[in-house]
Amino acid sequence: MSAFKDPFDAGTALTRGCSCGHHQDEAEHQADLAGQTSDSELLGNRVVEAAVMRALFPEDAMRRRFLNAVGASTAMAAISTFFPLGMAKEAFAQSGNLEKTSLKVGFIPITCATPIIMSQPMGFYARQGLNVDVVKTAGWAVVRDKTLNKEYDAAHMLSPMPIAITLGVGSSPIPYTMPAVENINGQAITLAIKHKDRKDPKSWKGFKFAVPFDYSMHNYLLRYFLAEHGLDPDRDVQIRSVPPPEMVANLRADNIDGFLAPDPVNQRAVYDGVGYIHTLTKDIWAGHPCCAFAASREFVTKMPNTYRALLKAIMEATAFASKQENRKQIAEAIAPANYLNQPVTVVEQVLTGTYADGLGNIKKDPNRIDFDPFPWHSFAIWIMTQMKRWGQLKGDVDYAKVAREVYLATDAMKLMKEVGMKPPTTTSKKFTVMGKEFDPAKPDAYIASFAIKRT
Amino acid sequence: MNRLMTWRAPLLSLIILLTVVGVWHALTLPKTAAQTVDSEYAALVGAAAATGQKSTFPTPADFGKKIWQHLNEPFYDRGPNDKGIGIQLGYSIGRVLVGYLLAALVAVPLGFLIGMSPTVYRALDPFIQVLKPISPLAWMPLALFTLKDSAVSAIFVIFICSVWPMLINTAFGVASVRREWLNVARTLEVGSMRTAFRVILPAAAPTIMTGMRISISIAWLVIVAAEMLVGGTGIGYFVWNEWNNLSITNILTAILAIGLVGMLLDLMMAKLTKLVTFPE
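About the cut-offs
- Residues numbered from 1 in each chain as written.
- Chains lettered and ligands numbered in written order.
- Predicted model: local features only at pLDDT ≥ 70, side-chain atom pairs only at ≥ 80, totals over all residues.
- Helix = DSSP H or I, 4+ residues; strand = E, 2+ residues; numbered from the N terminus.
- Rg over C-alpha atoms; globule rule 2.2 N^0.38 Å.
- Buried ≥ 20, exposed ≤ 12 C-beta atoms within 10 Å, placed from the backbone.
- Contact = placed C-beta atoms within 7 Å.
- Pairing = 2+ DSSP bridges.
- Nonpolar A, V, L, I, M, F, W, Y, C, P; charged D, E, K, R; others polar.
- Axes fitted to C-alpha atoms, helices over the stretch in contact; angles between N-to-C directions.
- pLDDT = per-residue confidence, 0-100.
- Parallel < 35°, antiparallel > 145°, perpendicular 65-115°, else oblique.
- Left-handed = near helix turned anticlockwise from the far one by under 90°.
- Core = buried A, V, L, I, M, F, W, Y, C linked by C-beta atoms within 7 Å.
- Domains from an automatic or database assignment.

On a plain count of helices and strands, chain B comes out with 12 helices and zero strands. Listing each helix as α and each strand as β along chain B from the N terminus yields α-α-α-α-α-α-α-α-α-α-α-α. For chain B, whose C-alpha radius of gyration is 25 Å, the value lies well above the compact-globule estimate of 19 Å for 280 residues. Across its three principal directions, the C-alpha atoms of chain B cover 90 × 65 × 35 Å. Evaluated residue by residue, chain B yields a buried proportion of 32% over its 280 residues. Here the analysis covers contacts within chain B between residues at least 6 apart in sequence; of these, 68% occur between residues at least 24 apart.

With that settled, consider the overall build of chain A. A tally of helices and strands in chain A yields 20 helices and 16 strands. Relative to its full complement of 455 residues, chain A shows a buried share of 54%. The contacts of chain A with a sequence gap of at least 6 include a subset with a gap of at least 24, amounting to 77%.

The subject of this paragraph is the pairing of strand β1 (residues 102-107) of chain A. All names here are of chain A. Examined bridge by bridge, β1 and strand β2 (residues 131-136) share six bridges and lie parallel to one another. When the sheet's bridge partners are listed, L103 is paired in β2 with V132. The sheet contact formed by β1 and strand β3 (residues 154-158) spans two bridges and is parallel. What sits directly across from V105, in β3, is A154.

It is a general feature of regular strands that their side chains alternate between the two faces of the sheet. All names here are of chain A. Across the six residues of strand β4 (residues 176-181), six count as buried, placing the element largely inside the fold. Pairing between β4 and strand β11 (residues 291-296): four bridges, direction antiparallel. Note on β11: the bridge partner recorded for A180 is F293.

Moving on to the interface of chain B and chain A. The interface is formed by 32 residues belonging to chain B together with 32 residues belonging to chain A. Secondary structure elements with two or more residues in the side of chain B that touches chain A: α2 (39-42), α3 (47-50), α7 (136-147), α10 (192-230) and α11 (235-244) of chain B. No other element matches the four residues that α11(B) contributes to the side of chain B that touches chain A. Partitioning the side of chain B that touches chain A into residue classes produces 15 nonpolar, 11 polar and six charged.

All names here are of chain A. The strand order β8-β7-β9-β6-β10 describes an open sheet built from five strands, whose pairing is mixed. Whereas interior strands pair on both sides, the edge strands pair on one side only; in this sheet they are β8 (238-241) and β10 (275-280). The sheet shows a mean angle of 25° between the axes of neighbouring strands, taken without regard to direction. The pairing of strand β7 (residues 208-211) with strand β9 (residues 258-262) spans two bridges and is parallel. Of the residues in β9, the one forming a bridge with F209 is G258.

For the rest of this paragraph, the subject is the sheet that holds β11(A). Residue and element names in this part refer to chain A. Spatially, five strands are ordered β2-β1-β3-β11-β4 in an open sheet, and the strand pairing comes out mixed. Of all the strands in the sheet, the pair left with one neighbour each is β2 and β4. The sheet shows a mean angle of 30° between the axes of neighbouring strands, direction not considered.

So, about the confidence of the model for chain A. Per-residue pLDDT for chain A has a mean of 79; in total, 79% of the residues score no lower than 70. Ignoring residues within four places in sequence, the model shows residues 15-19 of chain A, a span with pLDDT below 50, making 12 contacts including any to other chains.

The description of two packed helices rests on the angle between their axes and on the distance between the axes. Residues and elements named next belong to chain B. Following both chains from N to C, one finds α7 and α10 inclined at 45°, their axes separated by 10 Å at the closest point. Compared by their axis directions, α7 and α10 come out oblique. Regarding α7 and α10, the two cross each other, and that crossing is right-handed. Every residue of α10 that contacts α7 at P136, L137 and M140 is listed here: V222, A225, A226 and L229. Partitioned by chemical class, the residues of the contact of α7 with α10 number seven nonpolar, no polar and no charged.

Turning our eyes to something else, we now look at the nonpolar core. The tendency in soluble globular proteins is for nonpolar side chains to be buried side by side. Ranked by internal contacts, the top residues of the largest apolar core, which has 186 residues, are F209(A), A294(A), I334(A), V157(B), I158(B) and A219(B). Broken down by element, the residue count for this core peaks at 16 residues, all from α10(B). Shared between two domains, this core takes at least three residues from each, and those domains are domain 2 (102-185 + 289-342 + 370-448) and domain 3 (187-283) of chain A.

In this section: helix α19 (residues 409-418) of chain A. Residues and elements named next belong to chain A. Within α19, nine of the 10 residues are buried, which leaves the element mostly enclosed by the surrounding structure. A409, T410, D411, A412, M413, K414, L415, M416 and K417 are the residues of α19 that are buried. At the exit of α19 stands G420, carrying a positive phi of roughly 90°.

Below, the discussion takes up the confidence of the model for chain B. Residues and elements named next belong to chain B. Looking at chain B as a whole, its pLDDT mean stands at 85, while 96% of the residues score no less than 70. Predicted confidence in chain B is weakest over α3, with a mean pLDDT of 71, and strongest over helix α5 (residues 85-116), with 91. Confidence metrics for the complex model read pTM 0.75 and ipTM 0.74.

This next bit is on unusual backbone geometry. All names here are of chain A. Of note, the amide linkage connecting D263 to P264 takes the cis form, showing an omega dihedral of 10°. Here P264 shows up in the loop between β9 and α12 (265-271). In this structure, K150 takes a positive phi of about 70° despite not being glycine. Residue placement: K150 occurs in the loop between α8 (140-148) and β3. We classify K150 as partly exposed; it has 13 C-beta atoms within 10 Å. At M434, a residue that is not glycine, the phi angle is positive and equals roughly 50°. Residue placement: M434 occurs in the loop between β15 (431-433) and β16 (436-438). On the basis of neighbour count, M434 is assigned to the partly exposed category, with 13 C-beta atoms found within 10 Å.

Residue and element names in this part refer to chain B. One can describe the packing of α10 onto α11 by two numbers: an axis separation of 7 Å at closest approach and a directional angle of 55°. Regarding the angle of α10 to α11, the classification is oblique. Here α10 and α11 pass one another in a crossing that is right-handed. On α11, the residues that touch I223, V224, A225, A226, E227 and M228 of α10 are I235, G236, Y237, V239 and W240. Looking at the contact of α10 with α11, its residues break down into nine nonpolar, one polar and one charged.

Residues and elements named next belong to chain A. Examined against the element boundaries, M416 turns out to sit in helix α19. Once the C-alpha coordinates of M416 and E316 are considered, the two residues, 100 residues apart in sequence, prove to be 8.0 Å apart. Setting aside chain neighbours within four positions, we find M416 in contact with M315, P373, F374, M421 and P423.

With that out of the way, let us pick up the environment of L340(A). Residue and element names in this part refer to chain A. Checked against the element boundaries, L340 lands in the loop between α15 (327-334) and α16 (344-352). Sequence separation between L340 and V105 is 235 residues; the distance between their C-alpha atoms is 15 Å. When residues no more than four places from it in sequence are discounted, the contact partners of L340 are P109, P264, I334, A335 and V347.

To continue, consider the environment of P212(A). Residue and element names in this part refer to chain A. Mapping P212 onto the fold places it in the loop between β7 and α10 (217-228). Residue P212 is classed as buried on the basis of its C-beta count, with 29 C-beta atoms lying within 10 Å. C-alpha of P212 to C-alpha of R240: the two residues are 28 residues apart in sequence and 8.3 Å apart in space. For P212, the contacting residues outside a window of four places in its chain are W140, H218, S241, P243, P244, A261 and P262.

Structural data, given as structure tokens:
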């Protein structure tokens, strides 16, 4: 919780425990501090400054040495020359009217979009003074084009998409931002019921799989999963991009053998007796990001107050959705035809994690889907390593820079705090995918360590 | 005897309809299989999955109930993504008419000019032949990218797909006006504008109308595909949204509605064609 400390004070530690020593832990210290400081704007400034300083000086000791050597005001002036601190702070100022109150936000009808969708019927947008129309869209390519056309002010996207758009992979490069992850976990590998005895992935040679989009966590996770089991995802199986609503129909028609898809598609395949759930993606990578709330950089800079209000609504909804006891209520709100257009029980099974697996068993897994808005920079870096691994991205990439510019962790931290969630203190972390550790500081070594790759 | 003859065809139509519905009913009779799973599990899945089967095609009775439901409430509006089938059809017809009328405004005058000059006709022919067979779905990404507006893109796709039959038919109709009539006009020293409107236009009108009739059918075919892709509103979006929910009964209802509206549009054009046709 070092987000609110003055990063220009050489005496404070940005990354470790309670600095004053009077409190048991950092949270308590912050609560005290927040109580004393009535000026919330100052806090907002601190968050921005802290993030900038952290990005510039990943090692705290170095930052302190630098500050001791040149002094706080010189440092601030020096940094302001190449980073518009003033502007970033301004974007966070609480005051100011909404530039626009009627907004359109696009979504794809899947449970990943839960925070975006539920904010409409459950009034999270209205509470921020926004009148938001959530518009159902046919596919990710259309969502991308409609957001680029500015028909949508913001949209539900797959978390790799803002990176791909910014880098110009698969479209012309346009600076894009992703201020919040919507959901973590919540996807699954579903196989056709006729393959119920072929549970071992090694026997999947020649299978046809569907994923929702080329630039999706689904594609990268499926490829990762297959490659870890010794199958080359480009040579041993066929992976094609199919919009989620068409997946069950295709599975039913035997056009595909299985898919790694967002819910409710997996549960719907079970509901219709067409497939069974083989592996939940949380068992591949526990806590992986999936879908995201995204907006163009232009929207963020031109309408900072509207952007902030919108993001706050999403954050509040995410905080609400992250509580198990609210999930049934959410399922009822988002299942009707205006939103997901699915039977309530299907959505409820996905959100509560008590579900039928398609083979006659009832499974209980409360973490099947979870909601955590924090856009970890290390997520972005992992996604870029996979883009490189499978040949979508060629040449050298400044991983950390792209991650920082697209995944707006600073904004998320500030707003998570405001809505009563506990934001993490760093923007990068190590995690393991199928037992293998990923170190965001060494992306190239990570890519090189894989046997099956296209580099 | 004569009265019997006139009733014979409708009677046959009715018999065909009843046979189709009967076969449909027989094929989709619900199989009474025993539940293969415990009831707690059965509550979580669909009725078919509980008996170890895939979900089945709806029966004619289900279909009838669905149609009744839509007829009772064709114009409901429950938010931007859930509107009644009547409203959706309205959106689609609106889009078709705008795109189609724009196409007519361009195609008929242009076709007229092309038809009057054999050189222009031959010069433009290769372009028309290449552009004519392009599928609406192929135009869509291009339209979205360049026009930067999905509503305009949908109308553009209607326009571009319905323009060609009208253009070709107008040009053909104008080019094949009988030589003698033009010669008579020339000997009577009729001005060229007057020739165009008083001789060529009436003579070519039936061919032009045939082109317009083909075009309206094409426009109606195209709108469903375009709306499935762009989404938002319209009958194509309705089909896509119900596909999302795997609701075959709703999709069948939409198919029936699309067919009926298409037939009405075609009938209208057929009536108009009759108005401008004259016996020689």
